[in-house]
Amino acid sequence: MAKNKKKLSKGNRVGYAFVLPALIFMLALVGFPIIYNFVLSFYNMDVMTMGQHTEKFIGFQNYTDLFQVPTTKTSIINTIVFTVGSIVFQFILGFLLAILFHQDFKLAKPLRGVLLISWMIPVTVTALLFKFMLSSSGGVINTILVYLHIIPKPLDFLVSSDLAMPSVIGINIWIGIPFNMVLLTTGLSNIPESYYEAAAIDGANAVQRFFKITLPLMKASMLSVIILGVIYTFKVFDLIWVGTGGGPVDATEVLSTYAYRLSFTQYSFSKGAATANILFVMLLVVGIIYIKLIGKDEVMN
Amino acid sequence: MQKKRTYRKIILNVVAIIVAIIMLFPVYWMIISSFKPNAEIFAAVPTFFPHTFTFDAYTSQVGASANTGSNIYRSFINSVIIAVSAMFLSCVLAIPASYGLARFRIKGSRTFILLFLITQMLPATLTLTPLYLIYNRLGMIDTYFAPMLSDMTIGIPFVILILRPYFLSLPKELEDSAKIDGCTTFTAFTRIMLPISYPGVITCAVFSFLFAWGDLAYSLTFVTSENMRSMTAGIYNFIGKYGIQWNCIMAYGTVITLPVLIIFIFLQKYIVSGLTSGAVKG
């Protein structure tokens, strides 16, 4: 003990005094719950067994049970479809807007800032707002589309099983565009102007400059935008819970809404915990790739 | 050549305006719909500016208070209490921690930083069930503390990831000279380092407020009585109860968005810097 104390220099002890309160808080409210969630997924804890204190260890049964229910597979596939669909379009549209607002014109800066609003609005509000705008009675998007003869009659965007998923993806794209745009704009402005000038002197046209200079030099920021996007889209809960409730049937059920439903509308806490763990494992894989890719330097220095 | 360049700029400005109109139309639509009577909302031809301008959607909520509990203003206060305390406490815990991780060579600091980075990526769903059971056992369900403490778990790692590099970028000589002038490590931190890093601190405060303000999952799960609910949980329950009174729902939405818009107007540059350095998405 005494030896240990000696090892901790004064600087060390003062450092811990600064760090420990936050660390202990996070261990208590995140670390412990994660372990508890893991343990819970091997028990048969629900509102019944909890009340009677009869919960017991059942091994992997929650997981095997879950994979016998079609909804589980559906929600895994939906999670992937929702994520990939959102990311592809958010990224492309965000990139186009980043290039647009990277040009030098008067309104570039003020308008780029204003676009952030769609990302900042609480997602619950966004979901309800689009539910309103997409509704087939009185929804303004339907009215505009019918007026422009794009569709013959109003569509049940969030209520029909075919359109619900594309619709929630569309809403999520609207939320995510500014995020992609801002991060990619930073990447663009880090490319030295002299590269473009040199290429122009050598006779490269705009398309060549884009593919030979912009894209290769943007590789790092593109990667981190995409992977961060994947991580944040994987865990989207409120947009879908408020927008469609995972329905119709389970057309938009993703892992986070499914886990919520199991725990808090069916009160099968252990099944909810197991579902959340499936999501956790998927995220972990992406997270590890992310940390590997951005390299230790950026995290540690 | 000169003329060509002017044309180009005009076109760019016009395209940018069109993009902004398309992207911001939903927000405009929410605000003007909240000032329409419900009959006008369901009119066959939508009105792009309210024909009958009314505050009904806002005022009808005032009387609805005590009994139905779906009162905008009560839940606004609940949200303010939860979000402001979550913001304040996140900063109190996380700012010293970021300083400690930036300034002291402590054992395990790499592991700590990695842990904070990972927690920032975790879904709320993962801890929702265990936290519910824990709060339930501690008798904390249906208190402000349950959503507040949970919101802090999003704010704290974000603050640390933003502020640690910020403190690292400040010259160490500042502290050294403060110490020569008689400061302790702690007073050097509070009197010298903290004031000069205020832009980073503001960014952190703004984001930890926004995380808590926008949260639905925690307050929906951990708060059961209606007069304790936050705005997001309140509006969610409102649709369950009142169906499609869109003008009232949009009024509710406008009130939730108002603080966000105010923050945006006054603190925009901090939001951009937070976004780019922390790369977050709430």
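Chemist: Describe in detail the overall build of chain B, supporting the description with residues and values.
Modeler: Within chain B, the secondary structure is distributed over 14 helices and zero strands. For chain B, the N- to C-terminal ordering of α and β elements is α-α-α-α-α-α-α-α-α-α-α-α-α-α. With the C-alpha coordinates aligned to their principal axes, the bounding extent of chain B is approximately 75 × 75 × 35 Å. By the burial criterion, 46% of the 282 residues in chain B qualify as buried.

Chemist: Can you lay out the nonpolar core for me, pointing to particular residues and giving the numbers?
Modeler: With 159 residues, the main nonpolar core has A:Ala22, B:Val159 and B:Ile160 as its most contacted residues. Setting aside anything within four residues of it in sequence, one finds A:Ala22 in contact with B:Leu93, B:Ala94, B:Ala97, B:Ile156 and B:Ile160.

Chemist: Run through the interface of chain B and chain A, naming residues and quoting values.
Modeler: Put simply, an interface is often sized by how much accessible area is lost when its parts join up. Across the boundary between the two partners, chain B contributes 79 residues, which contact 76 residues of chain A. Per element, the largest residue contribution to the side of chain B that touches chain A is 14 residues, and it comes from helix 1 (residues 2–33) of chain B. Its residues placed into classes, the side of chain B that touches chain A shows 58 nonpolar, 16 polar and five charged.

Chemist: Describe helix 11 (residues 193–201) of chain A, listing the residues and the values that go with them.
Modeler: The α-helix advances 3.6 residues per turn, and as a result positions three or four apart in sequence lie on the same side. The buried count for helix 11 of chain A comes to zero of nine residues, which makes it a mostly uncovered element. Phi turns positive one or two residues past the end of helix 11 of chain A, at A:Gly203, with a value near 90 degrees.

Chemist: Could you give me a rundown of the environment of A:Leu116, with the residues and numbers involved?
Modeler: Mapped onto the elements, A:Leu116 comes out in the loop between helix 6 (108–115) and helix 7 (117–120). Look at A:Leu116 and you get buried, because 20 C-beta atoms sit within 10 Å. Once the C-alpha coordinates of A:Leu116 and A:Val182 are considered, the two residues, 66 residues apart in sequence, prove to be 8.4 Å apart. Setting aside residues up to four positions removed in sequence, A:Leu116 forms contacts with A:Pro178, A:Val182, B:Phe264 and B:Ile271.

Chemist: Please provide a residue-by-residue account of unusual backbone geometry, values included.
Modeler: All names here are of chain A. The step from Gly247 to Pro248 runs through a cis peptide bond, and the omega angle for that step is -10 degrees. Although it is not a glycine, Val249 sits at a positive phi angle of roughly 50 degrees. Inspection of the secondary structure puts Val249 in the loop between helix 14 (238–243) and helix 15 (255–264). Its 11 C-beta neighbours within 10 Å are what place Val249 among the exposed residues. A positive phi is found at Tyr267, a non-glycine position, where the angle reads about 55 degrees. Looking at the element boundaries, Tyr267 is found in the loop between helix 15 and helix 16 (269–300).

Chemist: Tell me about the packing of helix 6 (residues 109–121) of chain B against helix 8 (residues 145–168) of chain B, residues and numbers included.
Modeler: All names here are of chain B. With their axes 9 Å apart at the nearest point, helix 6 and helix 8 run at an angle of 130 degrees to one another. As judged from the angle between their axes, helix 6 and helix 8 are oblique. Note on packing geometry: the crossing formed by helix 6 with helix 8 is left-handed. Listed contacts from helix 8 to Phe116, Leu117, Thr119 and Gln120 of helix 6 are Thr153, Pro157, Phe158, Ile160 and Leu161. Of the residues in the contact of helix 6 with helix 8, the class split is six nonpolar, three polar and no charged.

Conventions adopted
- Residues numbered from 1 in each chain as written.
- Chains lettered and ligands numbered in written order.
- Predicted model: local features only at pLDDT ≥ 70, side-chain atom pairs only at ≥ 80, totals over all residues.
- Helix = DSSP H or I, 4+ residues; strand = E, 2+ residues; numbered from the N terminus.
- Buried ≥ 20, exposed ≤ 12 C-beta atoms within 10 Å, placed from the backbone.
- Core = buried A, V, L, I, M, F, W, Y, C linked by C-beta atoms within 7 Å.
- Contact = placed C-beta atoms within 7 Å.
- Nonpolar A, V, L, I, M, F, W, Y, C, P; charged D, E, K, R; others polar.
- Axes fitted to C-alpha atoms, helices over the stretch in contact; angles between N-to-C directions.
- Parallel < 35°, antiparallel > 145°, perpendicular 65-115°, else oblique.
- Left-handed = near helix turned anticlockwise from the far one by under 90°.

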